[in-house]
Amino acid sequence: LNNKTDELNDTVTGVGFGVSGIASDPESVHPLSKKIGGQNIIDKIGGYKDSATNLQGLLIADFDHPIQGKKCNQMGSTSVLPLEYTVGGGDSGSGAFRKKNGVWQLVGICSGADINFKLITKYGYYGTVMNWTRVSLYHKWITDNMQH
């Protein structure tokens, strides 16, 4: 479990059982019912503020378009990773992991995506903004409540 609040600009690998398909063709996206994964870069820390730490509770990324200059990139890096993706229906509650100092860490729990239907009609799922709840803010609570 990640216990550091240094996730900004890190590459994460998300896994889940969500939908899959061709990003530029929304009609091809459908439930796959298989374990799948992808990568993205944490572009922003935002969302609600945790009352105990006064830190924001969400890791946020957008699904970058492979053609630079497209207007659907919402924030942060426009670098497209080899397995660039967005979360989809069925991914809620799944993990986002990063490799730090040779060790895989759970950094986030998928809490959803903001789908802009105007962008979908123009670019497909590119530009979708996804977010994960930050594990670092709840590390102590999680470890205190885990059954050993």
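In this text the structure is predicted, and so the values were computed from the model without any measurement.

A. Geometry of the overall build of the protein. When helices and strands are counted, the protein shows two helices and nine strands. Each helix and strand of the protein, placed in order from N terminus to C terminus, yields the pattern β-β-β-β-β-β-β-β-α-β-α. Since a compact globule built from 148 residues should have a radius of gyration of about 15 Å, the 15 Å found for the protein is in line with a globular shape. Each principal axis of the C-alpha atoms in the protein carries an extent, and together these give about 45 × 30 × 30 Å. Partitioning the contacts of the protein with sequence separation of at least 6, the portion at a separation of at least 24 is 61%. About 8,400 Å² of surface is accessible on the protein, with carbon and sulfur atoms providing 54% of the total. In the protein, which carries 14 positive and 13 negative side-chain charges, the distance between the mean positions of the two groups comes to 3 Å.

B. A look at unusual backbone geometry. Positive phi, normally seen in glycine, also occurs at Ser33, with a value near 55°. Structurally, the position occupied by Ser33 is in the loop between β3 (30-31) and β4 (36-41). Given a relative accessible area of 65%, Ser33 falls into the exposed group. Its identity is not glycine, yet Asn54 carries a phi of approximately 65°, on the positive side. Within the secondary structure, Asn54 is located in the loop between β5 (44-49) and β6 (56-62). For Asn54, a relative accessible area of 52% gives the class exposed.

C. The arrangement of the nonpolar core in detail. Ranked by size, the top nonpolar core spans 17 residues in total, and within it Val12, Val87, Tyr126, Met130 and Trp132 carry the most contacts. Residue contacts for Tyr126: discarding those within four places in its chain leaves Ala23, Ser24, Phe63, Asp64, His65, Pro66, Cys72 and Leu119.

D. Main features of the pattern of salt bridges. In the structure shown here, the tally under the stated rule is five salt bridges. Each of Asp6, Asp10, Arg98 and Lys100 takes part in one network of salt bridges that share partners.

E. A look at the sheet that holds β5. One open sheet holds the seven strands; their spatial order is β4-β1-β7-β8-β9-β6-β5, and the pairing between them is antiparallel. Each edge of the open sheet carries a strand with a single partner, namely β4 and β5. Put simply, the sheet's adjacent strands are angled 35° from each other on average, direction ignored. Pairing of β5 with β6, which is carried by four bridges, proceeds in the antiparallel orientation. If you follow Lys49 over to β6, its bridge partner there is Gln56.

F. Representation of the confidence of the model for the protein within the structure. For the protein, the mean per-residue pLDDT works out to 91, and 98% of the residues sit at or above 70. Mean pLDDT values over the elements of the protein span from 84, in helix α1 (residues 117-123), up to 97, in strand β7 (residues 95-100).

Analysis parameters
- Residues numbered from 1 in each chain as written.
- Predicted model: local features only at pLDDT ≥ 70, side-chain atom pairs only at ≥ 80, totals over all residues.
- Heavy atoms only, no water.
- Helix = DSSP H or I, 4+ residues; strand = E, 2+ residues; numbered from the N terminus.
- Rg over C-alpha atoms; globule rule 2.2 N^0.38 Å.
- Contact = heavy atoms within 4.5 Å.
- Areas by Shrake-Rupley, 256 points an atom, 1.4 Å probe, with all protein chains shown as cover.
- Lys, Arg positive; Asp, Glu negative; His and termini not counted.
- Charge placed at Lys NZ, Arg CZ, Asp CG, Glu CD.
- Buried < 20%, exposed > 50% of the residue type's maximum accessible area, 1.4 Å probe, protein only.
- Core = buried A, V, L, I, M, F, W, Y, C linked by side-chain atoms within 4.5 Å.
- Salt bridge = Lys/Arg side-chain N within 4 Å of Asp/Glu carboxyl O.
- Pairing = 2+ DSSP bridges.
- Axes fitted to C-alpha atoms, helices over the stretch in contact; angles between N-to-C directions.
- pLDDT = per-residue confidence, 0-100.

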